[in-house]
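The lines below spell out each chain.
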Amino acid sequence: SQQGEEDPQALSIQEGENATMNCSYKTSINNLQWYRQNSGRGLVHLILIRSNEREKHSGRLRVTLDTSKKSSSLLITASRAADTASYFCATASGAYNTDKLIFGTGTRLQVFP
Amino acid sequence: DAGITQSPRHKVTETGTPVTLRCHQTENHRYMYWYRQDPGHGLRLIHYSYGVKDTDKGEVSDGYSVSRSKTEDFLLTLESATSSQTSVYFCAIRESELIKKSDTQYFGPGTRLTVL
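Only a predicted model underlies this, so the values are computations on that prediction, with no experimental measurement involved. (Residues numbered from 1 in each chain as written. Chains lettered and ligands numbered in written order. Predicted model: local features only at pLDDT ≥ 70, side-chain atom pairs only at ≥ 80, totals over all residues. Heavy atoms only, no water.)

A. How the structure looks around the packing of aromatic side chains. All names here are of chain B. Summed over the entire model, instances satisfying the criterion amount to 10 aromatic pairs over all chains. When the ring of Tyr-31 is compared with that of Tyr-33, the centres are 6.5 Å apart and the planes differ by 15 degrees; the resulting orientation is stacked. Overall, the relative accessible area of 8% leaves Tyr-31 in the buried class. Residue class for Tyr-33 comes out buried when judged on its relative accessible area of 0%. (Phe/Tyr/Trp six-rings, centres within 6.5 Å; stacked < 30°, edge-to-face > 60°. Buried < 20%, exposed > 50% of the residue type's maximum accessible area, 1.4 Å probe, protein only.)

Given below as structure tokens:
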């Protein structure tokens, strides 16, 4: 069963606009990660936020985490055509064993020039 | 790509035949993973390994077996392939830092398997 569910499933925007994707999960976590996947390629790690953090930035990426609502959001500012990809959240859980990540079903982002 | 390669990259096979996919890494990472990716399901963990000869099942392990006789190689075997195992298979390694534990995973390029 999926731990993370992304919303929306698909998003289309124009270059320069901001893109926001949301992820909800079911159980308590140690950390939550976001990955990007370009068509036909493997996943690429973008950012990791730990359960005791509320917000994190990396370049044009901003991730927030609300553990009380079991949700996270990924904001891509000033989007570019090259940001077109699928984005997945993944959660790591467990007091002692964080060996496994559970991935959501992803958001497909299309950025038009 | 963290030195991860997968072979073959594409394979077409028939129902009932055995298939082995190989994942090779060059950076001595302890943890290795096999996922399958299907439309509407995201990535689902099949098996993973936390050391040579140490493996454990994931969410969708039925019909699959794995072996890890060397640190650098993690093999996924479909003993008797079925059409439901048509999918894209990804291998991943977990970044392993002795001082700062990290859960970040790095993925290979994938193997597209079609079972007719």
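B. Looking closely at the interface of chain B and chain A. Listed per partner, the contact involves 23 residues of chain B and 24 residues of chain A. Buried surface at the junction of chain B and chain A, both sides included, amounts to about 1,800 Å², of which 44% is carbon and sulfur. Area buried by chain B at its contact with chain A is led by Leu-43, Asp-103 and Phe-107 of chain B, which between them contribute 28% of it. Remark: the boundary between chain B and chain A carries 0 salt bridges. For the interface between chain B and chain A, the tally reads 2 residue pairs in polar contact (both at pLDDT 80 or more). Only β4 (32-38), β5 (42-51), β9 (87-94) and β10 (105-107) of chain B provide two or more residues apiece to the side of chain B that touches chain A. Here the side of chain B that touches chain A gets 5 residues from one element, more than from any other, and that element is β5 of chain B. In terms of residue class, the side of chain B that touches chain A is made up of 9 nonpolar, 7 polar and 7 charged. (Contact = heavy atoms within 4.5 Å. Buried area = accessible area lost by both parts, 1.4 Å probe. Salt bridge = Lys/Arg side-chain N within 4 Å of Asp/Glu carboxyl O. Polar contact = N/O pair within 3.5 Å; in protein donor to acceptor, adjacent residues only side chain to side chain. Helix = DSSP H or I, 4+ residues; strand = E, 2+ residues; numbered from the N terminus. Nonpolar A, V, L, I, M, F, W, Y, C, P; charged D, E, K, R; others polar.)

C. A look at the environment of Ala-90 of chain A. Residues and elements named next belong to chain A. In this structure, Ala-90 sits in strand β9 (residues 85-92). Residue Ala-90 is classed as buried on the basis of its relative accessible area of 0%. Once you skip the residues sitting within four places of it in the chain, Ala-90 turns out to touch Asn-31, Leu-32, Gln-33, Tyr-35, Leu-101, Ile-102 and Phe-103.

D. Inspection of the pairing of strand β4 (residues 31-37) of chain A at higher detail. Residue and element names in this part refer to chain A. Of all 7 residues making up β4, 6 are buried, and the element is well covered by its neighbours. In this structure, β4 lies alongside strand β5 (residues 43-50), joined through 7 bridges in antiparallel fashion. Bridging across to β5, Gln-33 finds its partner in Leu-48. (Pairing = 2+ DSSP bridges.)

E. Representation of the sheet that holds strand β3 (residues 19-25) of chain B within the structure. Residues and elements named next belong to chain B. Spatially, the 4 strands line up as an open sheet ordered β1-β3-β8-β7, and their pairing is antiparallel. Looking at which strands have only one partner, the edges of the open sheet turn out to be β1 (4-7) and β7 (64-70). Pairwise comparison of adjacent strand axes, ignoring direction, gives a mean angle of 20 degrees for this sheet. Pairing analysis gives 6 bridges linking β3 to strand β8 (residues 73-78), with the strands arranged antiparallel. Bridging from a neighbouring strand, Val-19 pairs with Leu-78 of β8. (Axes fitted to C-alpha atoms, helices over the stretch in contact; angles between N-to-C directions.)

No statement about biological role is implied by the geometric values presented.
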